Amino acid sequence: MSYAMNLICRECGAEYPTQPLNVCEFCFGPLEVQYDFAQIKNNVSRKTISNGPNSMWRYSQFLPVDIENSIDIGTGFTPLIHAKNLGKQLGLDYLYIKNDSVNPTFSFKDRPVAITTSKALEFGFEVLACVSTGNLMGSVAAHGSKANLDTYVFYPQDLELSKIFGAAVYGSKMIAIEGNYDDANRFCSELSDIYPWAFVNINMRPFYAEGSKTLGYEIVEQLGWKAPNHCVVPGASGELHTKVWKGIQEFIDCELIENTIPKMHLAQPEGCSPISSAFKSKSRQIQPIKPSTIAKSLAIGNPASGPFSIDVLNQTHGSAEIAPENTIIDSIKLLAETEGIFTETAGGVVISSLIELVKKDKIKKDETVVAFITGNGLKTLESMGEINQNTVSCMPNISSFDLVKSNLKF
Ligand SMILES: Cc1ncc(COP(=O)(O)O)c(C=O)c1O
Ligand SMILES: [Zn+2]
């Protein structure tokens, strides 16, 4: 069962009943779900969790949906891989890759969307909608199909083709907005006042955000019920960064793990780093920017959870990294060539930031690090440039192959 009680304002603490509402009427702060942690502590143990399903729903007691109402397309409990080859190159003995690019729609977004879709059905909505930088819309479209809900997805018109196909295939209504994500987001906020729809990252945002906590629970369980020393998390709105930390913190509070606080590092690309830049200038106030980055999934210039992400950086003594644009593709290739994992540009930003953290001596050889790989490389093929320039054609006979082989350059 769920132990969710109500909603609470993240800024002023005002409480609200559980309803599709995301903004506090007193201070305009964002709302989040509040739980009865005394009950959770009494009823949940490592054993009850381990006996749960091999999916994100093994943590259902920490989520705002009853497991019986879950819309489950097989999300979560993704591999945590000891990255020995990449670790060796970087001089890290305990580097782990959380490979969340193998979720049903190939990104971590299936976690928040699974929660939101389930909750949207509980509230009786007939339409699921979102504003997306690319990964979210595929997930919303897929979950809408499973839940028999109509879906509308709004996205900036310059997105990668695979992300557009990856939502259209489910029969979603695809609305390409002439503008960037922040323009689309503003427009969708207006729409959500008029249309009685479940906008997963607007009126349903408090429930949506909770799904990403499961990444925090999972890495801790997979490390043998231990928090790592460092997490490297990609940031767009900043929500994922805050929720991975919230997940780990809840496990500490419920005495499921020891009280060790990981440094929660944030990874943003040079062409869109409003949170990292604010942190570096010691401000909690985000200066909105116009994004220009190949990491389109991270291209949010006015990040809703930016101040909370900065709070997490401060509380955990994390670093805010800014990955140079010209390192992102090389970092994707490095992860692919060392660990056999092909990530999208957001993952390139994470690996580039990890390299920087090691160079600056912020991560030590014997410390445990988890790098969060949140999206799949097949979704951002256009960014990879001339990676196929070494392909050759060959007649299907030995002499042709021998000739081709002698001319191959590496
Ligand atoms: C692959 C990927 N990683 C990370 C993020 C960042 O998520 P957040 O907006 O919660 O910071 C996104 C956002 O769309 C994404 O698509
Ligand atoms: Zn408030």
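Helices and strands together make up the secondary structure of the protein chain, namely 15 helices and 13 strands. The C-alpha atoms of the protein chain give a radius of gyration of 21 Å, which matches the 22 Å a tight globule of 410 residues would have. Taken along its principal axes, the extent of the C-alpha atoms in the protein chain is 75 × 50 × 45 Å. Taking all 410 residues of the protein chain together, the buried fraction comes to 52%. Considering only contacts within the protein chain whose residues lie at least 6 apart along the sequence, 70% involve residues at least 24 apart.

With that settled, the discussion passes to the sheet that holds strand S12 (residues 320-323). Taken in spatial order, the six strands line up as S4-S5-S13-S10-S11-S12 in an open sheet, and their pairing is mixed. Both outer strands of the open sheet, strand S4 (80-82) and S12, are each paired with one neighbouring strand and no more. Across the sheet, the axes of successive neighbouring strands diverge by a mean angle of 25 degrees, strand direction being ignored. Relative to strand S11 (residues 263-269), strand S10 (residues 230-234) runs parallel, the two being bridged by five bridges. Of the residues in S11, the one forming a bridge with His230 is Lys263.

Attention now moves to the site of ligand 1. Residues in close proximity to ligand 1 total 17 residues, the closest being Ala236, Ser237, Leu240, Ser297 and Gly375. Looking at the shell around ligand 1, the elements that each hand over two or more residues are helix H5 (135-147) and helix H10 (239-253). Partitioning the shell around ligand 1 into residue classes produces six nonpolar, nine polar and two charged. Per-domain counts for the shell around ligand 1 show at least three residues from each of domain 1 (4-70 + 109-208) and domain 2 (80-106 + 212-384).

Here we take up helix H7 (residues 181-194). With 14 residues, H7 ought to run about 20 Å at 1.5 Å a step, and its terminal C-alpha atoms sit 20 Å apart, in line with that. Tyr181, Ala184, Asn185, Cys188 and Ser192 are the residues of H7 that are buried. Taken end-on, H7 shows its buried residues confined to a sector of 100 degrees, consistent with a single buried face. Across H7 from its buried face, at more than 90 degrees, point the exposed residues Glu190, Asp193 and Ile194. Considering only its buried residues, H7 is in contact with strand S6 (127-131), strand S7 (150-156), strand S8 (173-177) and strand S9 (198-199).

With that settled, the discussion passes to the domain arrangement of the protein chain. Segmentation of the protein chain into domains returns domain 1 (4-70 + 109-208) and domain 2 (80-106 + 212-384). Its C-alpha centre places domain 1 at a distance of 21 Å from the equivalent point of domain 2. Across the contact, 30 residues belong to domain 1 and 32 residues belong to domain 2. Breaking the side of domain 1 that touches domain 2 down by element, the ones donating at least two residues are helix H1 (37-43), helix H2 (46-50), helix H4 (110-123), H5, helix H6 (161-168) and H7. Of the residues in the side of domain 1 that touches domain 2, the class split is 13 nonpolar, eight polar and nine charged.

Okay, unusual backbone geometry next. Positive phi values are uncommon outside glycine, yet Phe106 reaches one of about 70 degrees. Looking at the element boundaries, Phe106 is found in the loop between strand S5 (94-99) and H4. Overall, the presence of 23 C-beta atoms within 10 Å leaves Phe106 in the buried class.

As a further point, take the pairing of S10. Strand residues, when the strand is regular, have side chains that alternate between the two faces of the sheet. Among the five residues that make up S10, five are buried, leaving the element largely enclosed by the rest of the structure. Side chains of S10 alternate between two faces, with His230, Val232 and Pro234 and Cys231 and Val233 buried alike. Strand direction decides the pairing type here: S10 and strand S13 (residues 368-373), joined by three bridges, are parallel. Note on S13: the bridge partner recorded for Val232 is Ala371.

The next subject is the sheet that holds S7. Strand order in this open sheet of four strands is S8-S7-S6-S9, and the pairing throughout is parallel. Among the strands making up the open sheet, the edge pair consists of S8 and S9. Relative to S7, S6 is paired through five bridges, and the arrangement is parallel. Paired with Cys130 across the bridge in S7 is Val153.

Once that is clear, we can look at the packing of H10 against helix H12 (residues 306-316). Remark: H10 packs on H12, axes separated minimally by 8 Å, with the N-to-C direction vectors making an angle of 45 degrees. Classified by the angle their axes make, H10 and H12 are oblique. The interaxial crossing formed by H10 with H12 has left-handed handedness. Facing His241, Thr242 and Trp245 of H10, the residues of H12 in contact are Phe308, Ser309, Val312 and Thr316.

Thresholds, definitions, all that
Residues numbered from 1 in each chain as written. Chains lettered and ligands numbered in written order. Predicted model: local features only at pLDDT ≥ 70, side-chain atom pairs only at ≥ 80, totals over all residues. Helix = DSSP H or I, 4+ residues; strand = E, 2+ residues; numbered from the N terminus. Rg over C-alpha atoms; globule rule 2.2 N^0.38 Å. Buried ≥ 20, exposed ≤ 12 C-beta atoms within 10 Å, placed from the backbone. Contact = placed C-beta atoms within 7 Å. Pairing = 2+ DSSP bridges. Axes fitted to C-alpha atoms, helices over the stretch in contact; angles between N-to-C directions. Near = placed C-beta within 6 Å. Nonpolar A, V, L, I, M, F, W, Y, C, P; charged D, E, K, R; others polar. Domains from an automatic or database assignment. Expected span 1.5 Å × (residues − 1). Arc of directions from axis to C-beta. Parallel < 35°, antiparallel > 145°, perpendicular 65-115°, else oblique. Left-handed = near helix turned anticlockwise from the far one by under 90°.

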